[in-house]
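# Descriptive analysis of the structure
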Amino acid sequence: MKADSTRALVTGGAGFIGSFLCERLLGAGYEVICVDNFFTGTKRNIAQLMDNKQFELLRHDVTFPLYVEVDEIFNLACPASPIHYQRDPVQTTKTSVHGAINVLGLAKRLKAKIFQASTSEVYGDPVVHPQPESYWGNVNPVGPRACYDEGKRCAETLFYDYWRQHKLRIRVARIFNTYGPRMHPNDGRVVSNFIVQALKGDDLTIYGDGSQTRSFCYVDDLVEAIVRLMNAPDTVTGPVNLGNPTEFSMLDLANTIIELTGSRSGISFKDLPIDDPKQRQPDIGLAKRELQWEPTVPLAEGLKQTIAYFDELLSSGTQPHHK
């Protein structure tokens, strides 16, 4: 691991994945500057880090330039669930594109290594299954999800142009569905939706007939992969898929959560949203070869940890609300 003097900037550091990454880096001896504008992040996620002398929090929006001195940059800033990124689609595109320009400019000035949290959404509604990194995707550029899909695709473009033009040391990860404690209870994602509904005894809402599939990676597995990618040789730029290749249908997931929560909830079916992908599964061959990484946490085990977190959140009545 890194020497004690390494300083890392984590944008979106008070978010779900960002907070776990901050924790992991601090545990490895890094100094961490966490940047967040708290659009979807929450201070609750990083409360346990605030007393750490190696940790610093800055409230800042990455669409504006940032002037700090660091050795490594992890760019995770962007709302990542459809409910949140469609609330202000123009701002979502700005966060992905202007945000990338700002952190890349900072990395260029500092000669810092920089990581981009891209997404499986760059593949759109895929016609290739599972999705390898070589697949260019099937994205609707004018649909309601395009602010996120195309924003992230443009961010990847910027990263690779900075790499070619300025010899920047970049790392790009395409992150597939990730779940775990600290997910936002109102983010509209299937795992958090199902768990909250089951704990409240409400029917679990499935969009479509429940046959569409997703793969779910536990957050600890994902953070391990991000750290390995950042520590890989500079020849490993990515893009590299990070996710769990084991597929589950929405119906399977709903029944598993009902069973694990001991809930009496039923299941209700609604129409599928526009441009919702029917299947999503990563080909992680590249991550296995270059990072010697694959997920190790089984779905049932990860769901138990996540259910316990939401149970405590709901019973304490402290779940975050939006402005």
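Treat the numbers as computed from the prediction; the structure is a model and nothing was measured. (Residues numbered from 1 in each chain as written. Predicted model: local features only at pLDDT ≥ 70, side-chain atom pairs only at ≥ 80, totals over all residues. Heavy atoms only, no water.)

Overall, the coordinates contain eight aromatic pairs when judged by the stated rule. Taking 6.1 Å as the distance between ring centres and 35 degrees as the angle between the ring planes, the aromatic pair formed by Tyr 123 and Phe 176 counts as tilted. In this pair, Tyr 123 is assigned in the loop between strand S5 (113-119) and helix H5 (146-166) and Phe 176 in the loop between strand S6 (170-175) and strand S7 (178-179), connecting sequence segments 53 residues apart. For the pair shown, Tyr 123 and Phe 176 are each scored as buried. Three or more aromatic residues link up through ring pairs in this structure, and these residues are Tyr 123, Tyr 135 and Phe 176. (Phe/Tyr/Trp six-rings, centres within 6.5 Å; stacked < 30°, edge-to-face > 60°. Helix = DSSP H or I, 4+ residues; strand = E, 2+ residues; numbered from the N terminus. Buried < 20%, exposed > 50% of the residue type's maximum accessible area, 1.4 Å probe, protein only.)

This next bit is on the pairing of S6. The buried fraction of S6 is high, at six of six residues. Residue alternation in S6 divides its side chains into two sets, Ile 170, Val 172 and Arg 174 and Arg 171, Ala 173 and Ile 175, and both sets are buried. Taken together, the six bridges between S5 and S6 define a ladder with parallel strand orientation. Residue pairing for S6: Ala 117 is matched across the bridge by Ala 173. (Pairing = 2+ DSSP bridges.)

Here we come to the pattern of salt bridges. Taken as a whole and assessed by the stated rule, the structure comprises 15 salt bridges. Between Arg 153 and Glu 150 there is a salt bridge, with the nearest N and O atoms lying 3.1 Å from each other. Taken together, the residues span about one helical turn, with Arg 153 and Glu 150 both in helix H5 at a distance of three residues. Linking Arg 164 and Asp 161 is a salt bridge whose minimum nitrogen-to-oxygen distance equals 3.0 Å. With Arg 164 and Asp 161 both in helix H5 and three residues apart, the pair spans about one turn of that helix. When salt bridges with common partners are traced through the structure, they connect Arg 24, Glu 224 and Arg 228 into a single cluster. (Salt bridge = Lys/Arg side-chain N within 4 Å of Asp/Glu carboxyl O.)

Time to look at the pairing of S5. Counting buried positions along S5 yields seven of seven residues, so the element is predominantly enclosed. Alternating positions in S5 separate into two faces, Lys 113, Phe 115, Ala 117 and Thr 119 on one and Ile 114, Gln 116 and Ser 118 on the other, with burial throughout. In terms of strand pairing, strand S4 (residues 72-75) meets S5 through four bridges, oriented parallel. Bridged to Glu 72 within S5 is Lys 113. Taken together, S5, H5 and S6 form a β-α-β motif whose crossover is right-handed. (Right-handed = clockwise from strand over helix to strand, strands pointing away.)

Before going further, it helps to spend a moment on the environment of Gly 124. Note that Gly 124 resides in the loop between S5 and H5. Along the chain, Gly 124 and Ile 101 lie 23 residues apart, while their C-alpha atoms are 23 Å from each other.

Moving on to the packing of helix H1 (residues 16-27) against helix H7 (residues 219-231). H7 packs onto H1 with a crossing angle of 60 degrees between their chain directions and a minimal axis gap of 10 Å. Here H1 lies oblique to H7, going by the angle between them. Where H1 crosses over H7, the handedness of that crossing is right-handed. When H1 is examined against H7, the residues Phe 16, Ile 17, Phe 20, Leu 21 and Arg 24 are found in contact with a partner set consisting of Val 219, Asp 220, Leu 222, Val 223, Glu 224, Ile 226 and Val 227. (Axes fitted to C-alpha atoms, helices over the stretch in contact; angles between N-to-C directions. Parallel < 35°, antiparallel > 145°, perpendicular 65-115°, else oblique. Left-handed = near helix turned anticlockwise from the far one by under 90°. Contact = heavy atoms within 4.5 Å.)

Following the sequence through the fold, Val 68 ends up in the loop between strand S3 (55-59) and S4. Overall, Val 68 belongs to the buried group, its relative accessible area being 11%. Once the C-alpha coordinates of Val 68 and Leu 9 are considered, the two residues, 59 residues apart in sequence, prove to be 8.5 Å apart. Every residue in contact with Val 68, bar those within four places of it in the chain, is listed here: Leu 9, Ile 33, Leu 58, Leu 106, Arg 109 and Leu 110.

This paragraph deals with unusual backbone geometry. Here the bond from His 129 into Pro 130 is cis, since omega is -10 degrees, no more than 30 degrees from zero. Mapped onto the secondary structure, Pro 130 falls in the loop between S5 and H5. With omega at -5 degrees, the peptide bond leading from Gly 238 into Pro 239 counts as cis. You can see Pro 239 is positioned in the loop between H7 and strand S11 (240-242). Residue Phe 38 is not a glycine yet carries a positive backbone phi of 60 degrees. Tracing the sequence through the fold places Phe 38 in the loop between strand S2 (31-36) and helix H2 (43-46).

The next subject is the nonpolar core. Core analysis: the largest hydrophobic core is formed by 65 residues, its most contacted members being Phe 74 and Leu 242. Looking at this core, the element that brings in the most residues is H7, giving eight residues. The residues contacting Leu 242, other than those within four sequence positions of it, are Ala 173, Arg 174, Ile 175, Phe 176, Leu 222, Ala 225, Ile 226, Ala 287, Leu 291 and Trp 293. With 26 residues, the next largest nonpolar core counts Val 97, Ala 107, Leu 158 and Val 172 among its residues. (Core = buried A, V, L, I, M, F, W, Y, C linked by side-chain atoms within 4.5 Å.)

Remember that the coordinates give geometry; whether it matters functionally is a separate question.
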